[in-house]
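Residues per chain are reported as follows:
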Amino acid sequence: ADVSIGAVSIVRHGRFNIDAWASDAALLNVGMKTGSKYVYNVLGIGVKPAGTSSRLYGMYGLGGHIPRNRFFVDIDAVAAAVNDGSDLFSFTGTSLLSQLRVTGGWQVLPQLAVTFGPALSVFVSDREDGSLVPLYDAFIYHARSGRTHVRIWPGFTVGLQLL
C-alpha cells in the first residue's frame, strides 16, 4: 500500500524507521516511524534533563514522506503529553505540546540518514505557563485564560534515522 492510516500502521514492505533526535523542547528523543511509503505514524518518547525544568514527553503523530533519491522531506504533526520535573510519572491536569515539523533528510549511508528542519510548537497547559519548555525564550505568542496558558514559538529538530 502506498497510503495506510491507522493508530499503528504495519505494512508489508512499508516503512519502519528508528529515529533519534534533539529539538528545542526535548534534548533526547527516540521513536519510530511506521507505515507505507508515503504516509506514516510517529511514536516516541523524549526527555529534557535540566534540573527543576526537566520534562518527559510521550508522543504520537502522523506524517507524509516525499522521497527524492538520497534526499527526502518528512512533514508531520506530533502531539506530546508533557510532564514536568517535579514528578515525572504523575500525569495530572493538561499539559500538551503539539508540533508541526518539516524535516529534510539526507541518506549518508545505505541504512542511515541525517535529518534537520524547522518546527512550529504550540504548548497548552493548565499546570504551568510553559516558559521553561523550550530551550530559549523566543515566544511569538502567549495567552492566558483562567489557569490555561497557550504559548507558540518556532523551533527546530536535528537527528539520525535508521532506514
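Structure: above.
Rules used in this analysis
- Residues numbered from 1 in each chain as written.
- Predicted model: local features only at pLDDT ≥ 70, side-chain atom pairs only at ≥ 80, totals over all residues.
- Heavy atoms only, no water.
- Helix = DSSP H or I, 4+ residues; strand = E, 2+ residues; numbered from the N terminus.
- Polar contact = N/O pair within 3.5 Å; in protein donor to acceptor, adjacent residues only side chain to side chain.
- Contact = heavy atoms within 4.5 Å.
- Salt bridge = Lys/Arg side-chain N within 4 Å of Asp/Glu carboxyl O.
- Buried < 20%, exposed > 50% of the residue type's maximum accessible area, 1.4 Å probe, protein only.
- Pairing = 2+ DSSP bridges.

Next up on the list: the side chain of Q99. Looking at the element boundaries, Q99 is found in strand β6 (residues 95–109). Only 3.0 Å separates the side chain of Q99 from the side chain of S121, close enough to count as a polar contact. Residues in contact with Q99, not counting those within four places in the same chain, are D24, D76, A77, V78, A119, L120 and S121.

Moving on, we get to the pattern of salt bridges. Under the counting rule described, the total for this entry stands at six salt bridges. Residue D19 is joined to K33 by a salt bridge in which the shortest nitrogen-to-oxygen separation is 3.5 Å. Placement of the pair is D19 in strand β1 (residues 15–23) and K33 in strand β2 (residues 28–35), with a sequence separation of 14 residues. K33 sits in the buried class, given a relative accessible area of 5%. A salt bridge links E128 to R55, with the nearest nitrogen and oxygen atoms 2.7 Å apart. Note that E128 is positioned in the loop between β7 (112–125) and β8 (141–145) and R55 in strand β4 (residues 55–68), a separation of 73 residues in sequence. Each of the two residues, E128 as well as R55, counts as buried. Here the salt bridges do not stand alone but share partners, grouping R15, D19, K33 and D74 into one network.

Our next topic: the pairing of β6. The pairing of strand β5 (residues 71–84) with β6 spans 11 bridges and is antiparallel. Bridging from a neighbouring strand, V78 pairs with Q99 of β6. Two strands pair when backbone bridges link them, and β6 and β7 are joined in this way by 12 bridges, in the antiparallel orientation. Of the residues in β7, the one forming a bridge with G105 is T115. Counting the residues in the hairpin turn of β6 and β7 gives two residues.

A separate point is unusual backbone geometry. The backbone of N69 sits at a positive phi, close to 55 degrees, despite the residue not being glycine. Looking at where N69 falls in the secondary structure, it is placed in the loop between β4 and β5. Take N69: its relative accessible area is 82%, and that puts it in the exposed class.

The next subject is the side chain of S95. Tracing the sequence through the fold places S95 in strand β6. When its relative accessible area of 8% is taken as the criterion, S95 is described as buried. Here the side chain of S95 touches S125 through a polar contact of 3.5 Å, side chain to side chain.

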